[in-house]
Amino acid sequence: MLLLVAGLAGLPAARASDWAVIEFDGRADWVRYDFVGWVRVEQPVKPAKFAKGTAAVTVKVIEKLSGDEAAPVLTLEYEAAPKKGGEDPVARHRWNEDLPEHREYFVFLNRLGNGSYWCDEQREFQVRDGRILGLPEAYTVLVGGDTKPGARDLMARVRMASPAFKVRTGRPVFAPPLLEKGRPLETPQQAFERVRIALQAGDARELDRLIHSPDGSEPKAFRAVLLQERQRIGAWPVRWQAVLEDKAVAIIGQPGETGAPLYFTRQGPRWRLLNTSPDTEVGRQQVNLLMTESQFAVLTAMLEREFRSGVGAAGAP
């Protein structure tokens, strides 16, 4: 296994619970879920095909913010009330209680293996007269701190503000080519090929030109790892997970294996490989700061979601 980023290189094909989101994050939260949007509770669904102890309702999609789901109606599972006499120590949202009023919610949902959806606790916010109630501050800052923002207004602001909605998934073959001042921009894939050629030639000087060290130092340790693994880097496929405006992440590894991530940054028309193993403490601190910035936070969230769903381990596209 090629280990380039401590804590990220060995991302497992994890269960959904392993990627539980504890804090609300207005920068990256939208891409951690399979569906985010405004829905209305419609009718109950027979529970026979669902997990033991759960029930289900259908919800109509009023407006979708993010997710691949295009169906106008979704099936939402939830924990059913305990049988008569059973204990229920934790108060949970019983979605069937919303049926008489057809209540509306702004929700964050994850898809289950049977095709229905699940809403984690505190991931549903009631919508009344088109306004979202009880939304955490991390989201309301997008609408000037409005504690009861309009659902459509919030979603429009998110689409404009969040880099998650500039994502290009799959192999970055841009058509038409990206342009800057009338000139075509290099793609991350072209940058990776330049790195691969330099590795095959054992050209340390060219590698140094292709690697970006945030502290400005020579990438000795990082270059040494790349050269040590050059045969596998040259032979293994590259699986592009996401490309933002000037940040990108790719996975290097054999099909069916977890692989290791490589991060790229764009400087002018060219992309450079980010030195994620700098030799200095200052460099390590700067890399840590970079990884918490908006675009890298989104890329990391997408990477987690890909591996959580098993897509990231499915081989090259």
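Predicted, not measured: the structure shown is a model, and the values here were computed from it.

Draft legend 1. Spotlight on unusual backbone geometry. Phi is positive for His-102, close to 50°, though the residue is something other than glycine. Although it is not a glycine, Gln-122 sits at a positive phi angle of roughly 60°. Within the secondary structure, Gln-122 sits in strand S5 (residues 117-128).

Draft legend 2. Summary view of the pairing of strand S12 (residues 260-267). S12 sits mainly inside the fold: 7 of its 8 residues count as buried. As paired strands, strand S11 (residues 247-252) and S12 are joined by 6 bridges and run antiparallel to one another. From the neighbouring strand, Ile-251 faces S12, where its bridge partner is Pro-261. Here S12 runs beside strand S13 (residues 270-274); their pairing, made up of 4 bridges, is antiparallel.

Draft legend 3. Inspection of the pattern of salt bridges at higher detail. This structure, assessed with the given rule, holds 19 salt bridges. Residue Glu-121 is joined to Arg-92 by a salt bridge in which the shortest nitrogen-to-oxygen separation is 3.7 Å. With Glu-121 in strand S5 and Arg-92 in the loop between strand S3 (73-79) and strand S4 (104-111), this pair connects stretches of sequence that are 29 residues apart. You can call Arg-92 partly exposed: its relative accessible area is 30%. Linked by salt bridges that have partners in common, Arg-40, Glu-42 and Glu-104 make up one network.

Draft legend 4. Quick peek at helix H2 (residues 151-161). Residues of H2 that are buried: Ala-151, Leu-154, Met-155 and Val-158. Around the axis of H2, the buried residues are gathered within 95° of arc, so they sit on the same side. Facing away from the buried surface of H2 by more than 90 degrees, the exposed residues are Met-160 and Ala-161.

Draft legend 5. Up close: the nonpolar core. With 22 residues, the main nonpolar core has Phe-192, Leu-226, Phe-264 and Leu-273 as its most contacted residues. Breaking this core down by element, the ones donating at least two residues are helix H3 (188-201), helix H4 (204-210), helix H5 (220-228), strand S10 (238-243), S11, S12 and S13. Here this core gets 5 residues from one element, more than from any other, and that element is H3.

Draft legend 6. Here's a closer look at the pairing of S5. For S3 and S5, the ladder comprises 2 bridges, and the chain directions are parallel. Note that in S5 the partner of Leu-76 across the bridge is Tyr-117. Counted along the chain from S4 to the antiparallel partner S5, the turn is 5 residues long, and its residue Gly-115 has a positive phi close to 95°. With antiparallel pairing between neighbouring strands as the criterion, S5 and strand S6 (residues 131-132) make up a hairpin whose turn holds 2 residues, including Asp-129 at a positive phi of roughly 55°.

Draft legend 7. Quick look at the packing of aromatic side chains. Applying the stated criterion across every chain yields a total of 7 aromatic pairs. The structure contains a cluster of three or more aromatic residues connected by ring pairs, namely Tyr-33, Phe-106, Phe-108, Phe-125 and Tyr-139. One cation-aromatic arrangement involves Arg-123 over Phe-108; the distance from NZ or CZ to the ring centre is 5.3 Å.

Draft legend 8. Main features of the confidence of the model for the protein. When pLDDT is averaged along the protein, the result is 79, and 78% of the positions lie at 70 or above. Taken as a whole, residues 1-23 scores under 50 in pLDDT and shows 49 contacts with residues more than four places along the chain or in a different chain. Every residue in residues 171-175 scores below 50 in pLDDT, and together they form 13 contacts with partners more than four places removed in sequence or on other chains.

Conventions adopted
Residues numbered from 1 in each chain as written. Predicted model: local features only at pLDDT ≥ 70, side-chain atom pairs only at ≥ 80, totals over all residues. Heavy atoms only, no water. Helix = DSSP H or I, 4+ residues; strand = E, 2+ residues; numbered from the N terminus. Buried < 20%, exposed > 50% of the residue type's maximum accessible area, 1.4 Å probe, protein only. Pairing = 2+ DSSP bridges. Salt bridge = Lys/Arg side-chain N within 4 Å of Asp/Glu carboxyl O. Arc of directions from axis to C-beta. Core = buried A, V, L, I, M, F, W, Y, C linked by side-chain atoms within 4.5 Å. Phe/Tyr/Trp six-rings, centres within 6.5 Å; stacked < 30°, edge-to-face > 60°. Lys NZ or Arg CZ within 6 Å of the ring centre and 35° of its normal. pLDDT = per-residue confidence, 0-100. Contact = heavy atoms within 4.5 Å.

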